[in-house]
Amino acid sequence: MRSARSRAPSLALLFTALAALTAPAVPVLGQSVEPIRSTGGMVASQQWIASQVGADVLAAGGNAVDAAIATGFALAVTHPTAGNIGGGGFMVIRFPNGQTTAIDFREKAPLAAHPEMWLDENGAYSATMHHRGHLAVGVPGTVAGFDKAHRLYGRADWNDLVDPSVDLAADGFELSEALARSIGGFARRIEYEASKAAFTRNGTAYEPGDTWKQPDLARTLQRIRDARSDGFYRGETARLLAQEMQRGGGIITEEDLDRYEARERSPVTGTYRGYEVISMPPPSSGGVAIISMLNMLEAYDLRAMGHNSPEYIHHLAEAMRRAFRDRAAYLADADFADVPVQKLTSKEHAEWLRRSIDPERASVSHPSDVDSGYESPETTHYSVVDADGMAVSVTYTLESGYGSGIVVPGAGFLLNNEMGDFNAGPGLTNATGLIGTKPNLARPGQRMLSSMSPSILARDGKLFAVVGTPGGRTIINTTLQVILNLIDFDMNVQEAVNAPRIHHQWLPDRISIEEGGATDETVRRLEEMGHRVGVGGTQGSANSIAVDPATGERLGAPDPRSPDAGARGR
Ligand code: DON
């Protein structure tokens with residue numbers, strides 16, 4: 001057993017902590033606890049300029065879907081670690097009449113993908129090929145997703161959703177300290193010429209306050225503005241992308257791009273203490289896991305236990321352990337694998353899982369045929385509510401910070417490394433963290449399993465909150481805790497976002513607690529119960545919105561863990 005307050009944060013927390021060295025950590029507690037109020041619409045994202053772009057679309061008469069699309073394109077310019085057109089993600093929508101839907105624009109495996117594609121010539125698995133370089137790139141989904149969402153549910157002119165981002169890329173914008181430092185670090189470590197060129201001024205690092213222009217990206221966005229998704233998946237952009245794949249030994253072809261399609265799906269839904277929970281179905285594991293954990297936790301008086309008390313953290317960790325074991329066993333792209341969503345999100349299943357929770361003792365996770373691997377904490381989540389009460393929750397990503405690091409030459413955008421979310425290869429599961437279980441192996445056209453959990457809460461038929469976060473597997477647990485903070489602890493949405501969070505993902509069998517999230521005494525008590533505990537780092541960036549039930553005001557809560565986050569009302 002580790003000593004109390006051992007400095008052994010999970011890899012996810014460790015990498016977030018490393019990222020925090022380039023973007024100064026923001027103290028979680030003692031921040032302003034008042035959300036930003038608006039009587040109209042609201043956008044909360046990880047980068048305030050992008051939030052402003054979305055709010056401007058709302059002000060011009062666009063609805064929440066329009067604003068979400070415009071914010072998403074703007075993040076691709078102003079938040080390059082995760083904002084993207086070369087990655088993918090999910091959008092969950094709740095309409096003012098209470099109906100819901102979801103748009104799945106997760107990347108897909110290229111047609112030439114196969115389960116053994118990351119084995120080298122000697123049959124040995126290569127983590128480098130799996131997570132870095134051209135074989136790690138999935139067929140991007142973001143532009144198709146935004147196009148589909150707009151055709152189905154937008155009402156603004158498409159041009160008006162892309163134009164602000166064309167301008168931001170062409171005319172440039174002023175670099176904050178955090179962003180200048182972040183892109184400087186990326187440019188120093190990246191070996192691709194086009195990437196260095198895009199992220200430096202003729203090889204010289206940008207300084208805070210400099211204007212950063214991205215002319216190639218501006219031209220790609222212009223093609224998207226003029227031809228919608230054809231401006232990305234066909235013609236010049238597709239040709240440039242496929243050419244870079246050929247140059248670097250990747251397998252995405254123009255045919256892969258031509259065949260990519262975003263899908264509309266039915267959200268997964270559950271209930272928690274009278275609230276309706278609406279979240280993302282497979283290929284995300286997030287919605288299923290969150291609903292399963294809420295179902296398990298509903299039987300306990302969490303408020304009486306006290307926020308982040310030993311008893312509370314113990315019960316959370318036990319629920320997390322069980323939901324993540326189910327995730328490893330069952331979750332994958334439901335177009336390719338049989339995923340028992342109904343069963344996993346049922347109250348009966350939760351009751352069965354709960355029966356094995358000992359209120360005093362930690363259970364033990366057994367590394368059987370599944371284990372966990374590193375996932376980077378670079379994704380981004382944003383929330384939008386419009387004046388009519390339409391709500392949109394979006395999480396999208398390049399997977400790692402700056403994705404694969406590959407900027408498409410001449411097209412100016414970064415490609416994802418999302419193929420790393422597929423399992424390593426058949427039968428490769430071992431205790432060091434490789435997973436080789438069948439459902440989530442790479443197959444042509446399959447979408448890799450995700451943890452992204454854009455979610456919406458309603459109560460008595462009325463919108464209550466829009467939540468979500470980046471953070472690899474921690475996404476699921478961060479989103480869970482924002483929900484618990486709102487419902488069980490009556491926190492306002494800013495307090496709910498600010499409050500320190502914990503993480504357990506079954507394997508490795510350890511609780512990670514954010515810096516400042518628990519007292520030494522709490523850690524000691526948890527260890528007495530049999531838990532391994534690490535404290536440190538920050539977890540997530542849960543840019544959320546709630547609705548004040550008394551006044552109907554939109555309450556925006558940017559996450560103080562992200563220095564450039566901002567909420568903008570209109
Ligand atoms: O889809 C997923 O679950 C991961 N690729 C997300 C990666 C992530 O969240 C990184 N950062 N925040």
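Bear in mind that the values here come from a model prediction, so they are computed numbers and not experimental data.

Asker: Got a minute to help me understand empty space enclosed by the protein in this structure?
Answerer: Take a probe with the size of a water molecule and roll it over the atoms, and the empty space left behind shows itself. Within this structure, the stated rule accounts for four cavities of 30 Å³ or more. Here the largest cavity defines a volume of roughly 100 Å³. Forming the boundary of the largest cavity are 14 residues, of which A76, G83, G412, F413 and L414 lie nearest the centre. In the lining of the largest cavity, the residues fall into nine nonpolar, five polar and no charged.

Asker: Help me out: how do you make sense of the pattern of salt bridges in this one?
Answerer: Should the charged atoms of two oppositely charged side chains come close, the side chains can pair. By the definition in use, this model includes 37 salt bridges. Between D548 and R37 there is a salt bridge, and its shortest N-O distance comes to 3.3 Å. Placement of the pair is D548 in the loop between β17 (544-547) and β18 (554-557) and R37 in strand β1 (residues 36-38), with a sequence separation of 511 residues. The exposure class assigned to D548 is buried, which follows from its relative accessible area of 14%. Here D210 ties to R201 by a salt bridge, and the two come within 3.8 Å at their closest N and O atoms. Looking at R201, the relative accessible area reads 41%, which means it is partly exposed. One network of salt bridges, with partners in common, ties together D104, R263, R265, D335 and R447.

Asker: I keep staring at unusual backbone geometry and nothing clicks. Help me out?
Answerer: Of all residues except glycine, most have a negative phi; of all peptide bonds, most are trans. Note the cis peptide between P282 and P283, where omega equals 15°. With respect to the secondary-structure elements, P283 resides in the loop between β9 (275-279) and α13 (286-297). Residue L507 is joined to P508 through a cis peptide bond whose omega torsion reads 0°. Residue placement: P508 occurs in the loop between β14 (502-503) and β15 (511-513). Phi at D460 takes a positive value of approximately 50°, unusual for a residue other than glycine. Relative to the helices and strands, D460 is located in the loop between β12 (455-459) and β13 (462-467).

Asker: Please explain the packing of α13 against helix α18 (residues 474-487) as it appears in this structure.
Answerer: Packed helices, taken two at a time, are described by their axes: the angle between them and the distance between them. For the pair α13 and α18, interaxial distance at closest approach is 10 Å and the crossing angle is 45°. Here α13 is positioned oblique relative to α18, judged by the angle of their axes. As α13 packs across α18, the resulting crossing turns out to be right-handed. Packed against α13, whose contacting residues are G286, A289, I290, M293, L294 and L297, the element α18 presents I476, N477, T479, L480, I483 and L484 at the interface.

Conventions and cut-offs
Residues numbered from 1 in each chain as written. Predicted model: local features only at pLDDT ≥ 70, side-chain atom pairs only at ≥ 80, totals over all residues. Heavy atoms only, no water. 1 Å grid on protein atoms, 1.4 Å probe; cavity = no way out; pocket = protein on both sides within 12 Å on 5 of 7 lines; lining within 4 Å. Points joined across faces, edges and corners; volume = space filled by probe spheres on them. Nonpolar A, V, L, I, M, F, W, Y, C, P; charged D, E, K, R; others polar. Salt bridge = Lys/Arg side-chain N within 4 Å of Asp/Glu carboxyl O. Helix = DSSP H or I, 4+ residues; strand = E, 2+ residues; numbered from the N terminus. Buried < 20%, exposed > 50% of the residue type's maximum accessible area, 1.4 Å probe, protein only. Axes fitted to C-alpha atoms, helices over the stretch in contact; angles between N-to-C directions. Parallel < 35°, antiparallel > 145°, perpendicular 65-115°, else oblique. Left-handed = near helix turned anticlockwise from the far one by under 90°. Contact = heavy atoms within 4.5 Å.

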